[in-house]
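A structural walkthrough
Chain by chain, the residues:
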Amino acid sequence: MRIVRFLLGLSTRVKITVAVIVVALGVFIIAYFEPHKLFIDEVVDEAFPAPVAIATTTTTATEATPATAAPTTTAAPTTTMASDDPVTTTAAATEETVEDPEPGFTPATEEEQENPPVTTSTTTTTVAPTTTTTQAPTTTTTTVPEGPVLLSVSEWISIGHPGTGTVLVYRQPDGSHVVRFEDLDVSNGPDLLVILSAAPLVDDRAAYSEVAYLSLGDLKGNQGNQNYIVPPEVNLDDYQTVAIWCRRFNYTFNAAEIHAPPA
């Protein structure tokens, strides 16, 4: 009652200031601590991810196909005309001895000597046949590899909050791993992550983030079936446990082993 009387005795300006502080504090608590999540369930039901199909490309050998040879080209005839220059007679020519013609020989007439016969030459060009190389079509075959291999099966243990469910670890054909939660039922909360931790399974709320850990992303929901992919380049042997961890307050809700052999 004294607090109420004290507040009633304050001036209006002070009352307004106090009211603003109280409202701001309430907003901060709701926004930062998110206490309402403790009363809200987020259900996720994911099917197991199917193996990724592998595409194989096969290219057949090339085929050489000869093309039709080009037609023969005949050059235009070349005509050689007799020279019109008069014949030069030297002294040696006048002294030549004229032999008797053979029997049946007909001497050329004077007109034929002045106009000798025309000489015609023909040039023939042959183009070599060309060869065309044809690329055969490329065949692409899509194959689905064998299914995943179950490596580990374990159960959640309660550390900061109670929780139940099964944790399964699979190796996919492409080398990646899948951490799967089945029948998950844990407490909800703010800024929850799924992490792989190098820490062993211990009852310590801060132990899982004090050593090397790998985040697999936000917790998708606090109930149901969910998948979290571990990339192929990650060596799963570097980690011993999987945990649901509150990053904001460095507080582990639940944890489980990831190298527990299946029964």
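None of the values given here were measured: they were computed from a predicted structure. (Residues numbered from 1 in each chain as written. Predicted model: local features only at pLDDT ≥ 70, side-chain atom pairs only at ≥ 80, totals over all residues. Heavy atoms only, no water.)

**So, unusual backbone geometry**
The backbone of Asp-183 shows a phi angle near 55°, a positive value even though the residue is not glycine. Note on placement: Asp-183 falls in strand β13 (residues 177-186). On the basis of relative accessibility, which here comes to 58%, the residue Asp-183 falls in the exposed class. Backbone geometry places Asp-191, a non-glycine residue, at a positive phi of 50°. Structurally, the position occupied by Asp-191 is in the loop between β13 and β14 (192-197). (Helix = DSSP H or I, 4+ residues; strand = E, 2+ residues; numbered from the N terminus. Buried < 20%, exposed > 50% of the residue type's maximum accessible area, 1.4 Å probe, protein only.)

**Description of the pairing of strand β16 (residues 223-230)**
Where burial is concerned, most of β16 is hidden: six out of the eight residues are buried. Sheet analysis places strand β1 (residues 43-45) next to β16, joined by three bridges and oriented parallel. Bridge pairing links Val-43 to Gln-223 in β16. Two elements, β13 and β16, share seven bridges in a ladder whose sense is antiparallel. Bridge pairing in β16 places Asp-185 opposite Gln-223. (Pairing = 2+ DSSP bridges.)

**A look at the pairing of strand β17 (residues 241-246)**
Of all six residues in β17, six are buried; the element is thus mostly enclosed. Burial along β17 is two-sided: Thr-241, Ala-243 and Trp-245 and Val-242, Ile-244 and Cys-246, pointing in opposite directions, are all buried. Sheet topology note: the β14/β17 ladder contains six bridges and is antiparallel. What sits directly across from Ser-197, in β17, is Thr-241. Bridging between β17 and strand β18 (residues 251-257) involves six bridges; their strand directions are antiparallel. Note that in β18 the partner of Trp-245 across the bridge is Thr-252.

**Details of the pattern of salt bridges**
On inspection of all chains with the given rule, the structure shows three salt bridges. Among the salt bridges present, the one from Lys-220 reaches Glu-46, with a minimum N-O distance of 3.2 Å. With Lys-220 in the loop between β15 (213-218) and β16 and Glu-46 in the loop between β1 and β2 (54-59), the pair connects residues that are 174 residues apart, well separated along the chain. You can call Lys-220 partly exposed: its relative accessible area is 36%. The partly exposed category is assigned to Glu-46, whose relative accessible area is 24%. (Salt bridge = Lys/Arg side-chain N within 4 Å of Asp/Glu carboxyl O.)

In short, the description is geometric, and any link to function would need to be established separately.
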